[in-house]
Every structure is written in C-alpha cells, then in structure tokens.
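# Architecture and fold: a report
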Amino acid sequence: MTRYYFDIRDDTGLYPDEEGLECETQREAEVEAARTLADLARDLAPMDERRDVAVEVRTNLERVFQAALIFNRSRVTQ
C-alpha cells in the first residue's frame, strides 16, 4: 500500500497533511480527495466570501494530482 497525503490549499496558504492515509490504488486516493472537497464544501462561507480550495495529493516521493473546487463569481442574468 502507498501512503497518500492530502494537503489543503486555499487563498490563505497551504495546510499540509502530516498523517496521510494508506490506499491500495491511486483511484482510492482520488475518491478520498473528492470526499475531502465535499466535506470542505459543506462548511463554506456565503458566496461573496468563498475561496477556491484544492486538495493536493502526494506520496513521500512525489506530487500525484490535485483536485479543486473553484467558484466562478460572475453573475448570471435571466
């Protein structure tokens, strides 16, 4: 198994995952990154205060991928 680290990055900085999580496949790490973003989305501020947020996934050897939640603040007219 490989240990993956799920660092959180937003406009205020990088918050490293010191513990990590062992996953059998990269796909498992991708699912965990998506779950982490969903958990972060539940705790979001009102739209005008929201920041883009990303989960940067790495192993002890390299950065593997990034999953992001990006807000487009443009207004839609109907």
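Scope of this entry: the structure provided in the associated data block. Since the structure is predicted, the reported quantities are computational estimates derived from the model, not experimental observations.

## Observations concerning the pairing of strand E5 (residues 63-69)
Taken together, the six bridges between strand E4 (residues 53-58) and E5 define a ladder with antiparallel strand orientation. Looking at the pairing, Glu 56 lines up with Gln 66 of E5. Between E4 and E5, which pair antiparallel and follow one another directly, the connecting turn spans four residues.

## Some points on the nonpolar core
Within the largest apolar cluster, 12 residues are counted, these being Tyr 4, Phe 6, Ile 8, Cys 23, Ala 29, Ala 33, Leu 37, Val 53, Val 55, Val 57, Phe 65 and Ala 67. Among the secondary structure elements, those contributing two or more residues to this core are strand E1 (2-10), helix H1 (26-42), E4 and E5. What Phe 65 contacts, discounting residues up to four positions off in sequence, is Gln 26, Ala 29, Glu 30, Ala 33, Val 55, Glu 56 and Val 57.

## What about the environment of Leu 69?
If you trace the backbone, Leu 69 turns up in strand E5. For Leu 69, a relative accessible area of 24% corresponds to the partly exposed category. Each C-alpha atom of the pair Leu 69 and Leu 37 lies 6.9 Å from the other, and the pair is 32 residues apart in sequence. Filtering out sequence-adjacent residues up to four positions away, Leu 69 remains in contact with Leu 37, Ala 41, Leu 44, Asp 52 and Val 53.

## Here's the deal with the pattern of salt bridges
Oppositely charged side chains can form a pair if their charged atoms are brought close together. Per the counting criterion, the structure on display carries six salt bridges. For Glu 56, the salt bridge identified is with Arg 9, shortest N-O distance 2.5 Å. In this pair, Glu 56 is assigned in strand E4 and Arg 9 in strand E1, connecting sequence segments 47 residues apart. Given the relative accessible area of 35%, Arg 9 is considered partly exposed.

Analysis parameters
Residues numbered from 1 in each chain as written. Predicted model: local features only at pLDDT ≥ 70, side-chain atom pairs only at ≥ 80, totals over all residues. Heavy atoms only, no water. Pairing = 2+ DSSP bridges. Helix = DSSP H or I, 4+ residues; strand = E, 2+ residues; numbered from the N terminus. Core = buried A, V, L, I, M, F, W, Y, C linked by side-chain atoms within 4.5 Å. Buried < 20%, exposed > 50% of the residue type's maximum accessible area, 1.4 Å probe, protein only. Contact = heavy atoms within 4.5 Å. Salt bridge = Lys/Arg side-chain N within 4 Å of Asp/Glu carboxyl O.

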